[in-house]
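# Breakdown of the fold
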Amino acid sequence: MSTPVLLGALLPVVPLVAGLLGLLLPPAPRRADTGEAPARRTAIALGVAGAAAALALASALLATLDGPAEASATWIDLGGLTVTLGVRLDGAVALVAVAVTAVALAVQVYSVGYLKRGPHDDVDVDHRYPPYAAQVSLFTAAMLLVVVSGDLILLLVGWEVMGLCSYLLIAHDRRLPEAPAAAMKAFLVTRVGDVGFLLGIALLGVSAGSFRIADVLAHDHATGTLTAACLLLLAGVAGKSAQFPLHTWLPDAMAGPTPISALIHAATMVAAGVYVVARLFPLFARVPVALAVLGVLASVTLLLGALAATAQDDLKRVLAWSTVSQIGYMTGALAVGAPEAALFHLLTHAAFKALLFLAAGAVIHAVGTTLMSRMGGLRHTMPATFWCTLVGLGALAGVPPLSGFFSKDGVLYVAEEAALHGAGPTAAWVGWLVWLTGLVGVAVTAWYATRLLLRTFLGDPRTPLVEPHDPPAVMRWPVLLLAVPAALLGLAGFAGAFAERLRPVTPATREQPSDLLPPEPLVHLGPAVLLPLALLVLGAGLAWARWRRDPAGDPATTLGPLRPLFARAFRLDDVQHALVVRPTTALAATTRTADEVVVDGAVTGSGRAAFGLGGGLAALHRAALPRAAAGVLAGALLIGLAAALIGGAP
């Protein structure tokens, strides 16, 4: 076994072991003598050590992997249908693994301070820290299993474990009444998509005779089978990556702890769908219909998330809708045939979105609220958090030379090429759709990013606060360190080796595999970049001008009557509730009533009838002697009368 293969196999194992050991720890209360439970200290050590070791393994894999590598062993053979245990490694795998483990380590360290009980807390908020840290480790292991897996069934295992861990982590703070409901919603909505994902994997595995990814990619699938499988896989992608119409769970998931929001939104759960499509992109490239569907969903999601973010007052919900929109950029790049551009934006988004969520957590930790209407004036009292947030928002909006500028420009460039020159495997109209919605998204993103900065950090404080300040070192250092890749990672797009690592490996059995990939580099600095920059300045300038007229006001007032509609995300959650939840609930209630009244009623009724008949006969049997004698005489007379009548008959 080669060194890269060994490192790849160990990647999910290390956090898995740390998570399983952490689950054995009791959620013990604080000790009076030390002020901290030994179980919490052990959980911290296991969580941080597991994430740090995983990051070290991922970095070593990135350094030692000089080409595609794969190893597998047969796990199950069901009549010629093979399921294997193995890894499939390439440059994209190593880069995504580094991003996942870096964010996981930042979250584990940050959580030590964020979930620590303060001197004025009435409730012990951290007594359940051991299961929390263990679940974060299991979440990390599941995503890494998705990243390195060489078999679709093994990938599905990691995919589903992520869903389970997200349910547990979103519902971590049981004091919040909305947390369990949000966790259940996330679990159920993503399960809807996962049904299609499972069926798509089954179709591919049965068609190829193996679930090994290399075999599935190399097999010559029937057109109908491949089309159906790719469309079914997109259902799972829509659920996990919060794409229309299965996007409604993600904003509600903000009920979970802020570090978990960073973990889910940055480089793990919502990125999994984009990563899987990029990993199986040679299949999707042969199904233009599937890519067209993906392009439509990406465009709708991109605008939906951006517009919904403009009207939110909750700081975390602004960032949540921003994630929905940014994932739309990634799936849009996939739709026009540029998986490397999608992965590039995935990596930069992991850096700046993790930075933004952890910086938002620092603000929430300091002011005790998530509402921007109760913030303001934090620039001078929280300078480190302000500058890190400025970097993150600049990268989100695409301000040069921050990372988001280069990766978002890469997405817009490939969409423009598909629209104007017909590049890529999809129709030109898909390129036009992705390109135009992406340009509108640039202006809207700049607008709500500027609004967030102004409402949170500038102006005067809108609520008397108890001297807010930058977070303690254990929370501050992860934020400061994440600001570095958020600012500089985009420059890696100039390196040819970096671009080459992000290109998906195409099976050698396919003819002209280079036709599936655009030959251009990741970074394109030409005249076409002026249009997105102009839209960026327009969006930010409109928000700034409105704020300058009334620093105490909210720039969202310019939305007018559209503001309530945007705040409710076009009421699609209500539509989903009316079309799906209520009919399903009514059907369940009808089924329960029929079961209780008809099925159970028949069984219960027959039992009651038999019981009543038996009781009546028993009462007659226990009758008094005179009544019994009279009954015997009456019976004898009836028998005698019957005998006389029968005997006298001719």
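An account of the accompanying structure is given in this report. (Residues numbered from 1 in each chain as written. Predicted model: local features only at pLDDT ≥ 70, side-chain atom pairs only at ≥ 80, totals over all residues. Heavy atoms only, no water.)

## Details of the side chain of T248
Within the secondary structure, T248 sits in the loop between α8 (223-240) and α9 (249-252). Residue T248 is classed as buried on the basis of its relative accessible area of 7%. There is a polar contact of 2.9 Å between the side chain of T248 and the side chain of Q576. Apart from the residues lying within four places of it in its own chain, the contact partners of T248 are K185, V189, D573 and Q576. (Helix = DSSP H or I, 4+ residues; strand = E, 2+ residues; numbered from the N terminus. Buried < 20%, exposed > 50% of the residue type's maximum accessible area, 1.4 Å probe, protein only. Polar contact = N/O pair within 3.5 Å; in protein donor to acceptor, adjacent residues only side chain to side chain. Contact = heavy atoms within 4.5 Å.)

## Brief notes about unusual backbone geometry
Of the consecutive residues F244 and P245, the connecting peptide bond is found in the cis state with omega at 5°. Mapped onto the fold, P245 is located in the loop between α8 and α9. Residue P401 is bonded to the preceding P400 through a cis peptide linkage, with omega at 5°. Secondary-structure assignment places P401 in the loop between α16 (383-397) and α17 (403-421). Positive phi is not limited to glycine here, since A569 has a value of about 55°. Mapped onto the elements of the fold, A569 is located in the loop between α22 (562-567) and α23 (572-621). For A569, a relative accessible area of 5% puts it in the buried group. Residue R571 is not a glycine yet carries a positive backbone phi of 60°. Of note, R571 is situated in the loop between α22 and α23.

## Focus: the packing of aromatic side chains
Counted under the stated rule, the structure contains 12 aromatic pairs. Taking the centre distance of 5.7 Å and the plane angle of 20° together, the rings of Y110 and Y114 count as stacked. On the criterion of helical spacing, the pair formed by Y110 and Y114 is a turn pair, its members being 4 residues apart in helix α3 (residues 91-114). Assigned by exposure class, Y110 and Y114 land together as buried. A connected cluster of aromatic rings, assembled from ring pairs, spans F386, W387 and F457. Sitting above the plane of the Y129 ring, R40 keeps its charged end 4.4 Å from the centroid. Lying over the aromatic face of F187, R191 brings its terminal NZ or CZ to 4.6 Å of the ring centre. (Phe/Tyr/Trp six-rings, centres within 6.5 Å; stacked < 30°, edge-to-face > 60°. Lys NZ or Arg CZ within 6 Å of the ring centre and 35° of its normal.)

## Examining the packing of helix α13 (residues 288-309) against helix α14 (residues 315-335)
Across the interface, α13 lies against α14 with an axial gap of 7 Å and an inter-helix angle of 155°. The pairing of α13 with α14 is recorded here as roughly antiparallel in orientation. With respect to the hand of their crossing, α13 and α14 are arranged in left-handed fashion. Along its contact with α13, which presents L291, L294, G295, A298, T301, L302, G305, A306, A308 and A309, the element α14 presents V318, W321, S322, V324, S325, G328, Y329, T331, G332, L334 and A335. Classifying every residue of the contact of α13 with α14 gives 13 nonpolar, 8 polar and no charged. (Axes fitted to C-alpha atoms, helices over the stretch in contact; angles between N-to-C directions. Parallel < 35°, antiparallel > 145°, perpendicular 65-115°, else oblique. Left-handed = near helix turned anticlockwise from the far one by under 90°. Nonpolar A, V, L, I, M, F, W, Y, C, P; charged D, E, K, R; others polar.)

## Describing empty space enclosed by the protein
Scanning the entire structure with this criterion turns up 8 cavities of 30 Å³ or more. One number sums up the size of the second largest cavity: a volume of about 80 Å³. Lining of the second largest cavity is provided by A397, G398, G404, F405, K408, D409, L412, V442, P532, L533 and L536. Elements with a minimum of two residues in the lining of the second largest cavity: α17 and α21 (530-549). At 5 residues, the largest contribution of residues to the lining of the second largest cavity is made by α17. The residue makeup of the lining of the second largest cavity, split by class, is 7 nonpolar, 2 polar and 2 charged. (1 Å grid on protein atoms, 1.4 Å probe; cavity = no way out; pocket = protein on both sides within 12 Å on 5 of 7 lines; lining within 4 Å. Points joined across faces, edges and corners; volume = space filled by probe spheres on them.)

## Quick look at the nonpolar core
Counting residues in each nonpolar core, the largest one holds 197 residues, and the members touching the most others are W249, I264, L280 and F284. Element by element, the count of residues in this core is highest for helix α15 (residues 339-367), at 20 residues. The residues touching L280, leaving out its near neighbours within four places in the chain, are L152, I213, L217 and L233. (Core = buried A, V, L, I, M, F, W, Y, C linked by side-chain atoms within 4.5 Å.)

## A few points about helix α18 (residues 428-457)
Across its 30 residues, α18 extends 43 Å between first and last C-alpha, which sits within 8% of the 44 Å expected from 1.5 Å per residue. For α18, the tally of buried residues reaches 24 of 30 residues, placing the bulk of the element in the interior. One or two steps after α18, the chain reaches G459, where phi turns positive at roughly 75°. (Expected span 1.5 Å × (residues − 1).)

## Quick notes on the pairing of strand β1 (residues 69-78)
A regular strand places its side chains on the two faces of the sheet in alternate fashion. Two elements, β1 and strand β2 (residues 81-89), share 9 bridges in a ladder whose sense is antiparallel. Residue pairing across strands places I76 opposite V83, the latter belonging to β2. (Pairing = 2+ DSSP bridges.)

## Observations concerning the pattern of salt bridges
When charged atoms on two side chains of opposite charge get close, those side chains can pair. All told, the structure shown has 15 salt bridges when counted by the stated rule. Note that K240 is salt-bridged to D194, the shortest N-O span being 3.3 Å. With K240 in helix α8 and D194 in helix α6 (residues 178-208), this residue pair connects regions lying 46 residues apart in the sequence. D194 sits in the buried class, given a relative accessible area of 4%. For D574, the salt bridge goes to R568, with nearest N and O atoms at 2.6 Å. Exposure remark for R568: the relative accessible area of 42% places this residue in the partly exposed category. Connected through shared salt-bridge partners, E70, R88, R212 and D215 make up one network. (Salt bridge = Lys/Arg side-chain N within 4 Å of Asp/Glu carboxyl O.)

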